[in-house]
Structure formats: structure tokens, C-alpha cells
Amino acid sequence: MMTAKRLPKDPYNIIITGVGGQGNVMASRVFSNMLVHRGFHVTIGETFGASQRGGSVMSHVRVSSESTWSPQVPKGKADVVVTLEPIEAIRVLAGYGNPAVKVLTNTRAVYPAGVIAGKLSYPTLDEIKETLKKLSARAWFIDATDEAVKLGNSILGNIIMIGALSAVGDLPVGRDDFSAVLSRTLPAEKMGDNLKAFDLGMEMMKQ
């Protein structure tokens, strides 16, 4: 374990959210383990909607160099919000946002059953982008699912988002931490694609 470095604020509050089946719980745990590898205290709290029907799944990740905090981010206190589904970003910011919050969102929509049946409407991506820009200090829009499909596995979209989050620069974690964490649990033959996805997420933020 490495020695923790100073955070831009302590605790630093991250919310990672998506809908059931997108893998955001796994993403939050991998990223949390990267922070632990760096020597930080990390607390995770999770809330689940009707995940088997595509309901919201939200992970609260609280990071500190000093102590352990309660597992739920207080309302209005998120520092960065990462979403695997774009409209989830608006829902999270309604409760946890503030003028200084940063947002990273995957651009691929997952339509609820009501939208598919024609009973509900879903905003356009341009409308979502404009709303998120107004609700945040900085917003990034990442074609994570599209790029993951090109890598051969759509679930790698969550790894692309982890790479993007690492590239924000607020937290001192990177590729070496990701590789160290995954090597403990992932078979060697799967490491290559995951590292490619992580690197791609970092690169997309530079663009």
C-alpha cells in the first residue's frame, strides 16, 4: 500500500451511477480499491432501485486521507458524479449536485420500459448535455459504450469510465493502480482488454 496524498477536499465525495446490468457497482469497487492501494480511507455505500428491470443503481464513494466517513454522501455534497446512463446524471445532480460539482457521463441511453412503450418521453442527448452544463462546474460526455463495443464487450464501458475518472486529476490514481487492483482477481488473459479500456478512457478525456 502506498502513502496517501493530499486531496483537493476531505472527504472527497464520488457518486457512480447507472441502471441495473451496466456494472457500475463493480466499477465503484474497482475504483475504490485503486484509492485504497494509494493509501486512502474509502467508504462505499450503495442504493438499489428495481435493478432487475433497469432501475437506478447508485454507489457512494467517500475518500479521505485522514479517517473513515459515513457511507452516504450528504445531499448537495457530491464532488464528482460519474454516470453510465446520461439521464441518471440529471437525477443524481437534483439531489447531490452543487455549483462546483464535476460530471462525467456515458452518452449511450438505456430507455425505460415506459419510453419503449411510447408512454413516456426521453430527452435528446443535446438537451441532456445543455442541462448538465448548467447544473455543473464542468461536464464531460464520453462515448464509452460505443467504444467498448468496438473492443468486443459492451460491459467494458464501465472500465472506460474509470479511466476517464482517473484522468480528471483530482485524485492521484492511474494505470498502475488499476493494473495492481485487477491483477488480484482477474485472469491474465482478460487483463489486456481491461487495460485497453482504461487507457482509452484516459485518452478520451485528453481529447
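All of the points below concern the structure found in this document. Keep in mind it's a predicted model, so treat the numbers as computed, not measured.

Focus: helix α7 (residues 175-182)
Given 3.6 residues per helical turn, the α-helix brings residues three or four places apart onto the same face.
Logical step 1: Along α7, the residues classified as buried are D177, F178, V181 and L182. Viewed end-on, α7 has its buried residues packed into an arc of 125°, placing them on one side of the element.
Logical step 2: Buried residues belonging to α7 abut α1 (24-37), α6 (157-167) and α8 (188-206).

A few points about the packing of aromatic side chains
Logical step 1: Counting across every chain of the model gives one aromatic pair.
Logical step 2: With a centroid separation of 4.5 Å and an interplanar angle of 10°, the aromatic rings of F178 and F198 are classed as stacked. Of this pair, F178 sits in helix α7 while F198 sits in helix α8, and the two are 20 residues apart along the sequence. A single burial state applies to F178 and to F198, both of which are buried.

Comments concerning the pattern of salt bridges
Logical step 1: Applying the stated criterion to the full structure yields nine salt bridges.
Logical step 2: Put simply, K9 and D79 hold a salt bridge, and the shortest N to O gap is 3.1 Å. Residue K9 is found in the segment before β1 (12-19), and its partner D79 is found in the loop between β3 (56-64) and β4 (80-83); the two are separated by 70 residues along the sequence.
Logical step 3: Where R108 meets D146, a salt bridge forms, and the shortest distance between an N and an O atom there is 2.4 Å. Highlighted residues: R108 in the loop between β5 (102-106) and α3 (113-116) and D146 in helix α5 (residues 144-151), separated in sequence by 38 residues.
Logical step 4: The partly exposed category is assigned to D146, whose relative accessible area is 31%.

Regarding empty space enclosed by the protein
Logical step 1: Enumeration over the complete set of coordinates arrives at one cavity of 30 Å³ or more.
Logical step 2: Its volume calculated, the largest cavity comes out at about 30 Å³.
Logical step 3: Examining the composition of the lining of the largest cavity, we find that four residues originate from one element, α6, more than from any other.
Logical step 4: Among the residues forming the lining of the largest cavity, the class breakdown is seven nonpolar, one polar and no charged.

Observations regarding the packing of α5 against α6
Logical step 1: One way to put it is that α5 packs onto α6 with a least axis distance of 8 Å and a crossing angle of 120°. With respect to their mutual orientation, α5 and α6 come out oblique. Seen along the crossing, α5 lies across α6 with a hand that is right-handed. Contacts from A144, E147 and A148 in α5 reach G157, I160 and M161 in α6.

Considering the side chain of N24
Logical step 1: Within the element layout of this structure, N24 appears in helix α1.
Logical step 2: At 3.2 Å, the side chain of N24 and the backbone oxygen of I16 are in polar contact.
Logical step 3: Within the structure, N24 has its side chain in polar contact with the backbone oxygen of V57 (distance 3.1 Å).
Logical step 4: If we skip the residues at most four places from it in the chain, N24 touches I16, T17, G18, V19, V57, M58, S59 and L84.

What counts and how
- Residues numbered from 1 in each chain as written.
- Predicted model: local features only at pLDDT ≥ 70, side-chain atom pairs only at ≥ 80, totals over all residues.
- Heavy atoms only, no water.
- Buried < 20%, exposed > 50% of the residue type's maximum accessible area, 1.4 Å probe, protein only.
- Helix = DSSP H or I, 4+ residues; strand = E, 2+ residues; numbered from the N terminus.
- Arc of directions from axis to C-beta.
- Contact = heavy atoms within 4.5 Å.
- Phe/Tyr/Trp six-rings, centres within 6.5 Å; stacked < 30°, edge-to-face > 60°.
- Salt bridge = Lys/Arg side-chain N within 4 Å of Asp/Glu carboxyl O.
- 1 Å grid on protein atoms, 1.4 Å probe; cavity = no way out; pocket = protein on both sides within 12 Å on 5 of 7 lines; lining within 4 Å.
- Points joined across faces, edges and corners; volume = space filled by probe spheres on them.
- Nonpolar A, V, L, I, M, F, W, Y, C, P; charged D, E, K, R; others polar.
- Axes fitted to C-alpha atoms, helices over the stretch in contact; angles between N-to-C directions.
- Parallel < 35°, antiparallel > 145°, perpendicular 65-115°, else oblique.
- Left-handed = near helix turned anticlockwise from the far one by under 90°.
- Polar contact = N/O pair within 3.5 Å; in protein donor to acceptor, adjacent residues only side chain to side chain.

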